[in-house]
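Results of the structural survey
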Amino acid sequence: MPATGGGPRPDIHPGQDTSTAHAHRLRLYGALDRVCVPLAAADVQAVFKLAELDCVTVHAVIDWITTARTLAPLPLPRPHPR
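Keep in mind that what you see is a predicted model, and the values were worked out from it rather than measured.

Here's the deal with the overall build of the protein
- Along the backbone of the protein there are three helices and zero strands.
- For the protein, the succession of helices and strands along the chain, N to C, is α-α-α.
- Looking at the protein as a whole, 20% of its 82 residues are labelled buried.
- In the protein, of all internal contacts separated by at least 6 residues, the share reaching a separation of at least 24 is 50%.
- If you sum the accessible surface of the protein, you get close to 6600 Å²; carbon and sulfur atoms cover 65% of it.

Looking at the nonpolar core
- Core analysis: the largest hydrophobic core is formed by 10 residues, namely Leu-28, Ala-31, Leu-32, Val-35, Val-47, Ala-51, Val-58, Val-61, Ile-62 and Ile-65.
- When residues of this core are traced back to their parent elements, those giving at least two are helix H1 (18–34), helix H2 (41–51) and helix H3 (55–70).
- No other element matches the four residues that H3 contributes to this core.
- The contact partners of Leu-32, leaving out residues within four places of it in the chain, are Val-37, Leu-39, Val-47 and Ile-65.

A word on the environment of Thr-20
- Within the fold, Thr-20 resides in helix H1.
- Along the primary structure Thr-20 and Ala-51 are separated by 31 residues, whereas in three dimensions their C-alpha atoms are 8.1 Å apart.

Concerning H3
- The first and last C-alpha atoms of H3 sit 23 Å apart over 16 residues, in line with the 22 Å expected at 1.5 Å per residue.
- Next to the buried residues of H3 lie H1 and H2.
- Residue Asp-54 occupies the N-cap position of H3, its side-chain oxygen lying 3.2 Å from the main-chain nitrogen of Val-56.

A few points about the packing of H1 against H3
- Where H1 contacts H3, the axes come no closer than 9 Å and their chain directions differ by 10°. In terms of orientation, H1 lies roughly parallel with respect to H3. Residues His-24, Arg-27, Leu-28, Ala-31 and Leu-32 of H1 form the contact with H3, whose participating residues are Cys-55, Val-58, His-59, Val-61, Ile-62 and Ile-65.
- For the contact of H1 with H3, a count of residues per class yields eight nonpolar, two polar and one charged.

Some thoughts on the confidence of the model for the protein
- Per-residue confidence for the protein gives a mean pLDDT of 81; residues scoring 70 or more make up 79%.
- At the level of individual helices and strands, the protein shows its lowest average pLDDT in H3, which scores 92, and its highest in H2, which scores 94.
- Across residues 1–13, where pLDDT falls below 50, the model places 10 contacts with residues more than four positions away in sequence or in other chains.

Re unusual backbone geometry
- Positive phi outside glycine occurs at Cys-36, with the angle close to 60°.
- Residue position: Cys-36 is located in the loop between H1 and H2.

Rules of the game
- Residues numbered from 1 in each chain as written.
- Predicted model: local features only at pLDDT ≥ 70, side-chain atom pairs only at ≥ 80, totals over all residues.
- Heavy atoms only, no water.
- Helix = DSSP H or I, 4+ residues; strand = E, 2+ residues; numbered from the N terminus.
- Buried < 20%, exposed > 50% of the residue type's maximum accessible area, 1.4 Å probe, protein only.
- Contact = heavy atoms within 4.5 Å.
- Areas by Shrake-Rupley, 256 points an atom, 1.4 Å probe, with all protein chains shown as cover.
- Core = buried A, V, L, I, M, F, W, Y, C linked by side-chain atoms within 4.5 Å.
- Expected span 1.5 Å × (residues − 1).
- Polar contact = N/O pair within 3.5 Å; in protein donor to acceptor, adjacent residues only side chain to side chain.
- Axes fitted to C-alpha atoms, helices over the stretch in contact; angles between N-to-C directions.
- Parallel < 35°, antiparallel > 145°, perpendicular 65-115°, else oblique.
- Nonpolar A, V, L, I, M, F, W, Y, C, P; charged D, E, K, R; others polar.
- pLDDT = per-residue confidence, 0-100.

So this is what it looks like as structure tokens:
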């Protein structure tokens, strides 16, 4: 395997510094942990994909996670009368 010189590896996250994606992952995991959301394997994959997005989008998702946890649950729909 060739040496990369210690810099970001463009093959991992093309067009984005890996430290930015890593910071986004940490923030996303932190937000999910604060609202006690257990993560399945598919959730971890989603966090990795979301972390590759820009800062504004990642912060919007974190705000949605935080806000959604504070909202009262919606009532379940009643069955349709027959």
